[in-house]
Amino acid sequence: MDRPAPGNPVPSLRAAGPAWLFAALAAYCAATWLDANVFALGAHNLTALRLGAGVAMVACLRAGWQAMPLIAVLSLAVSLLAGPAGLHAQPLACALSAAASDALAGGMAAMLLRRVFTAPPDSVPDLFRAVLTVCLPAASAGAGVIVAQQAVGGYVPPGEVGHLFATLVMAVSLGVLLVYPLYRAWTSQPRPTHQEYRWVAGVLTGNLLSLALSFNGYGGCVYFIMPLLVLLAYHARLNGLMLALVPSMTALAYSGTTGFGPFQMPSMGEAAFLLATFLCSTTLVTLGVALHNRQLLAAGNVGEMWRQKALCDPLTGLSNRSRLDSMLETELRRAQRSEDVLSLLMVDVDHFKAYNDAHGHLAGDACLQAVAHALRTVVHRAPDMVARYGGEEFACVLPGTPEQGAAQVAERIRRAVADLCLAHPGNGPAGRVTVSVGVATVRGGRNAAPDQIIEMADRALYRAKAEGRNTVSTALPPLVCPHEGLRLPGELLRLAWSRSYECGDARIDAQHRQLFEMVNRLLAAFLDNAPRAACLAIIHELLTALGEHFRDEEAMLRSRGYPDAEHHAELHATLLEAAGDLAERYENAGLPLSEALGVIAHEVVARHMLDDDTKFHPYVQAVPEPHAA
């Protein structure tokens, strides 16, 4: 910190540290030498810039009022030993007044800053309040010492006293406005980036070029200095800006000593006042723009932080439902443009209410956090998203992931949560926290909205729960409607085949694919408003193929020794009877084809194949097909 907290005692010289104090006093000696030898516009302390006052203020802020005597002694020594042309050009009275001026202005500015501001100025109103309540009073006191000595000693004509006082007030204020922000920026902000350094170099080069032109016949070029500094204020932080502002203002102050150039006036006092006015106004505007831009960036960062918080679940740190809906909509549009695939997983903690009742809500929150961490560990690709859907339910969006890959991710999630080994006696045989996962996949994203794919995954999740929990269930095949914008009753859409549906038996897989194609033929007939007789013919053909497939599948399962072969045969009989009843109702009782097609396509063919047939896949793939003797 560059100043003590309110109510704390002022730090001593020892508290500032010997190394820091030595560096501060060395900087003050250098600044005093520049004021007396480089920036002097004439004899007897007339200058448009007094950097020594700014360095003295920083030293008093850090070390307290005890630094004032040291500052006065050093200023006097520098003035007498290294002043211009020795003692004859710098009378002792002038050296004493300059020393007293810096010590008084620096100490008073430090004291006023402590009293007026509880925190360092960081806004445009703060900047101008600091100028009015800190810089001007301190500068007036410091300038008053010099002007009084000059007037009493007869070194300045009475008509020039006003210009001398005003010029010195701005010179001292300018020293504070340049040194204090430079000190603050380089002690409290990160170092500039390479890009910022390039901007600093470019602006500084432009300013020096404008300065050279303005003092060599093109006086108007001096006004390009301020726009370049304002431009830099939008591309660099305050520490980078000060690297260009301080050299620009010091170079301009030095140029005035060689001839006032664009600041020529009838008298030296008026020219010096005009030069000091330009220096102060340029510095104030540049600092004001920099502080305002800093506030805008800070407000933008805060706003972005709150926007991110608004899209995150506070308990788990995952995305929330709002962000999930937004990403689903975006990914569905992208999948439609690129004809890509999109998968969604719905994950539910099994019997979570019982866990909360047994362990309490704090333990329940810890459980949800652990599950969320497990999900993030498994689902970690850059385009993927893990969100808390609500309560104990989570969702995972997997762009570009087909059905089989999504099912594998879901299984890894199930195992990862089970491997947490969180005790849960109310979760049946498992005895620990487990999850059920529903998987839904769409291809192309056509005619699909976020709520539709969520509903698909939800239905798959409910089936996983119905099957005993701690399992993964896959939704019906990805749905693609051949007519854009057409909404069919019963969610009738084209069935898309995937290799992940194959069980490994060539005949059964071929029959499954044939059934898919026949269902799609029936759907096409419905969409084309084909005659009832043509649709009925396809239905009878489908039922015949279905009966033949069921018989072949049952025979294959019995030959492979599948333990549930008889139960599977009973399911076949029930489904075939239901399909035949629907066909009869369509033919005789005027049942809408959409309703019959919905049941036959989804319940008899797709749902049975994905829910019931998948149960024998591992067994069929593990047991080699028997060869004929």
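Bear in mind that the values here come from a model prediction, so they are computed numbers and not experimental data. Along every chain, residues carry numbers that run from 1 in the direction the sequence is written. For a predicted model such as this one, the threshold for reporting local features is a pLDDT of at least 70, and the threshold for listing and counting side-chain atom pairs is 80 or more; totals across whole chains, interfaces and linings nevertheless cover every residue. Calculation of side-chain values draws on the structure's entire complement of heavy atoms; hydrogens and water are dropped beforehand.

A.B. asks: Explain the overall build of the protein here, please?
C.D. replies: For the protein, the count of helices and strands is 21 helices and seven strands. Type-normalised accessible area, obtained with a 1.4 Å probe on protein chains alone, sets the label of each residue: buried when under 20%, exposed when over 50%, and partly exposed for intermediate values. Buried positions account for 49% of the 629 residues belonging to the protein. A contact between two residues is defined here by any heavy atoms of the two lying within 4.5 Å. Once local pairs closer than 6 in sequence are excluded, the contacts in the protein between residues at least 24 apart make up 74%. For the area figures, the Shrake-Rupley method with a 1.4 Å probe applies, and any residue is considered shielded solely by the protein chains shown. Surface exposure of the protein reaches about 28,300 Å², of which carbon and sulfur atoms provide 61%. Secondary structure elements follow DSSP: runs of H or I no shorter than four residues count as helices, runs of E no shorter than two count as strands, and numbering proceeds from the N terminus.

A.B. asks: Which parts of the structure should I look at to understand the packing of aromatic side chains?
C.D. replies: The geometry of an aromatic ring pair is captured by two quantities: the separation of the ring centres and the angle between the planes. Only Phe, Tyr and Trp rings are paired, with Trp represented by its six-membered ring, and only when their centres lie within 6.5 Å; those with planes under 30 degrees apart are stacked, over 60 edge-to-face, the remainder tilted. Under the counting rule described, the total for this entry stands at five aromatic pairs. With 6.2 Å between their ring centres and 15° between their planes, F352 and Y355 make a pair best called stacked. Of this pair, F352 and Y355 both sit in helix 13 (residues 352–359), separated by three residues, roughly a single helical turn. The pair F352 / Y355 is uniform in exposure class, with both members buried. Consider the rings of Y562 and F616, whose centres lie 6.0 Å apart with planes at 75°: the pair is edge-to-face. In this pair, Y562 sits in the loop between helix 18 (532–559) and helix 19 (565–588) while F616 sits in the loop between helix 20 (593–612) and helix 21 (617–622), placing the two residues 54 residues apart along the sequence. With a relative accessible area of 11%, Y562 lands in the buried category. Aromatic ring contacts, followed pair by pair, group F215, Y223, F263 and F278 into a single cluster. Stacked on the ring of Y586, the Lys or Arg R532 has its end atom at 4.4 Å from the ring centre. Ring-over charges, as used throughout, are those where CZ of Arg or NZ of Lys falls within 6 Å of the ring centre and within 35 degrees of the ring normal.

A.B. asks: Would you mind showing me how to read the pattern of salt bridges here?
C.D. replies: Pairs can form between side chains of opposite charge once their charged atoms are near each other. Should a side-chain nitrogen of Lys or Arg be within 4 Å of a carboxyl oxygen of Asp or Glu, the pair is scored as a salt bridge. Under the definition given, this model contains 18 salt bridges. Here R129 makes a salt bridge to D126, at a shortest N to O gap of 3.5 Å. Note that R129 and D126 are positioned in helix 6 (residues 124–153) at a spacing of three residues, about one turn of the helix. In this structure R129 comes out as partly exposed when scored by relative accessible area, which is 38%. Assessed through its relative accessible area of 15%, D126 is described here as buried. For R507, the salt bridge identified is with D552, shortest N-O distance 4.0 Å.

A.B. asks: For this particular structure, what's the right way to read the side chain of E196?
C.D. replies: Positionally, E196 belongs in helix 8 (residues 194–214). Here E196 falls in the buried class, since its relative accessible area comes to 8%. Among the polar contacts listed, one links the side chain of E196 to the backbone nitrogen of T193, at a separation of 2.8 Å. Setting aside residues no more than four positions away along its own chain, E196 makes contact with H235, A236 and R237. By the criterion applied in these results, polar contacts are pairs of N or O atoms within 3.5 Å in which, for protein atoms, one can donate a hydrogen and the other can accept it, and in which residues neighboring in sequence qualify only through two side-chain atoms.

A.B. asks: Just checking my understanding: could you explain a nonpolar patch on the surface for this structure?
C.D. replies: On the surface, a nonpolar cluster with roughly 320 Å² of combined accessible area is contributed by L209, L213 and Y218. Along the chain, the position of L209 falls in helix 8. With a relative accessible area of 54%, L209 lands in the exposed category. Candidate patch residues must exceed 30% relative accessible area and have no salt bridge, after which like charges are joined if within 9 Å and Val, Leu, Ile, Met, Phe, Trp or Tyr side chains if within 5 Å.

A.B. asks: Where do I start with the confidence of the model for the protein in this structure?
C.D. replies: Keep in mind that low pLDDT regions are not for reading the predicted coordinates in detail. Mean pLDDT for the protein: 83, with 86% of residues reaching 70 or above. In the model, residues 1–14 has pLDDT below 50 throughout and makes 30 contacts with residues more than four positions away in sequence or in other chains. Confidence over residues 478–492 falls short of pLDDT 50; this stretch has 40 contacts with residues more than four positions distant or in other chains. A score from 0 to 100, pLDDT tells how confident the predictor is in each residue.

A.B. asks: What am I meant to see in the sheet that holds strand 2 (residues 385–390) here?
C.D. replies: Strands pair in a sheet through their backbones, by hydrogen bonds, and they do so in one of two ways: parallel or antiparallel. At least two bridges found by DSSP between two strands are what make those strands a pair. The mixed open sheet is built from five strands, whose spatial order is 2-3-1-4-5. Of all the strands in the sheet, just strand 2 and strand 5 (472–474) have a single pairing partner and so form its edges. Direction aside, neighbouring strands of the sheet carry axes that sit 20° apart on average. In this description, a line fitted to the C-alpha atoms serves as the axis of each element, helices being fitted only across the stretch in contact, and the angle between N-to-C directions of two axes falls anywhere from 0 to 180 degrees. Lying over the sheet, helix 14 (residues 361–378) contacts strand 1 (341–349), strand 2 and strand 3 (393–399), oriented at roughly 10° with respect to strand 3. On the sheet, helix 16 (residues 450–466) packs against strand 1, strand 2, strand 3, strand 4 (435–443) and strand 5 and is oriented at approximately 145° with respect to strand 4.

A.B. asks: What is the right way to read the pairing of strand 3 from this model?
C.D. replies: Strand residues, when the strand is regular, have side chains that alternate between the two faces of the sheet. The element strand 3 is largely enclosed, with a buried count of seven among its seven residues. Of the two faces of strand 3, the one carrying E393, A395, V397 and P399 and the one carrying F394, C396 and L398 are both buried. Relative to strand 3, strand 1 runs antiparallel, the two being bridged by seven bridges. Residue pairing in the sheet places M346 in a bridge with A395 of strand 3.

A.B. asks: What exactly am I supposed to notice about helix 13 here?
C.D. replies: What sets the pattern is the α-helix's 3.6 residues per turn: residues three or four places apart point alike. Buried within helix 13 are the following residues: F352, Y355 and N356. Taken end-on, helix 13 shows its buried residues confined to a sector of 100°, consistent with a single buried face. Seen from the open side of helix 13, the exposed residues pointing more than 90 degrees away from its buried face are K353, D357 and A358. Once helix 13 ends, the next one or two residues include G360, with phi positive near 95°. Throughout, the arc means the angular range of directions from the helix axis out to the C-beta atoms.

A.B. asks: Please clarify how helix 6 should be interpreted in this entry.
C.D. replies: Take the residue count of a helix, subtract one, and multiply by 1.5 Å to get its expected span. The end-to-end C-alpha distance of helix 6, which contains 30 residues, comes to 41 Å, matching closely the 44 Å that a straight helix rising 1.5 Å per residue would cover. Positive backbone phi, approximately 75°, marks G154, located one or two places after helix 6.

A.B. asks: Mind showing me how you'd approach the packing of helix 6 against helix 7 (residues 161–188) here?
C.D. replies: What describes two packed helices is the angle between their axes and the distance between those same axes. The interhelical angle for the contact between helix 6 and helix 7, taken along N-to-C directions, is 130°, at an axis separation of 7 Å. Between helix 6 and helix 7, the angle is such that the two are oblique. The handedness of the crossing between helix 6 and helix 7 is right-handed. Contacts between helix 6 and helix 7 involve L127, V131, C135, L136, A139, S140, A143, G144, I146, V147 and Q150 from the first element and V161, L164, F165, L168, V169, V172, S173, V176 and L177 from the second. For the contact of helix 6 with helix 7, the per-class residue count stands at 16 nonpolar, four polar and no charged. Orientation is classified from the angle alone, with under 35 degrees giving roughly parallel, over 145 giving roughly antiparallel, 65 to 115 giving roughly perpendicular, and any other angle giving oblique. By definition, any crossing whose near helix is turned counterclockwise from its far helix by less than a right angle is left-handed, and any crossing with a clockwise turn is right-handed. Each residue gets one of three labels, nonpolar for Ala, Val, Leu, Ile, Met, Phe, Trp, Tyr, Cys and Pro, charged for Asp, Glu, Lys and Arg, and polar for the others, Gly among them.

A.B. asks: Sorry if this is basic, but what is going on with a negative patch on the surface here?
C.D. replies: Counting rule applied: Lys, Arg positive; Asp, Glu negative; His and chain ends not counted. Where a charge lies is defined by one atom per residue type, namely NZ (Lys), CZ (Arg), CG (Asp) and CD (Glu). Taken together, the side chains of E577, D581, E584 and E587 define an acidic patch exposed on the protein surface. Locating E577 in the fold gives a position in helix 19. When its relative accessible area of 62% is taken as the criterion, E577 is described as exposed.

A.B. asks: I would appreciate a short explanation of the packing of helix 17 (residues 506–527) against helix 18 in the present structure.
C.D. replies: Running from N to C, helix 17 and helix 18 point in directions that differ by 165°, and their axes come no closer than 10 Å. As far as their axial angle goes, helix 18 and helix 17 are roughly antiparallel. The crossing of helix 17 and helix 18 is left-handed. Contact with helix 17, carried on its side by R507, I508, Q511, H512, L515, M518, V519, R521, L522 and A525, involves C535, I538, I539, E541, L542, A545, L546, H549, D552, E553 and M556 of helix 18 and no other residues of that element. Here the contact of helix 17 with helix 18 is built from residues that sort into 13 nonpolar, three polar and five charged.

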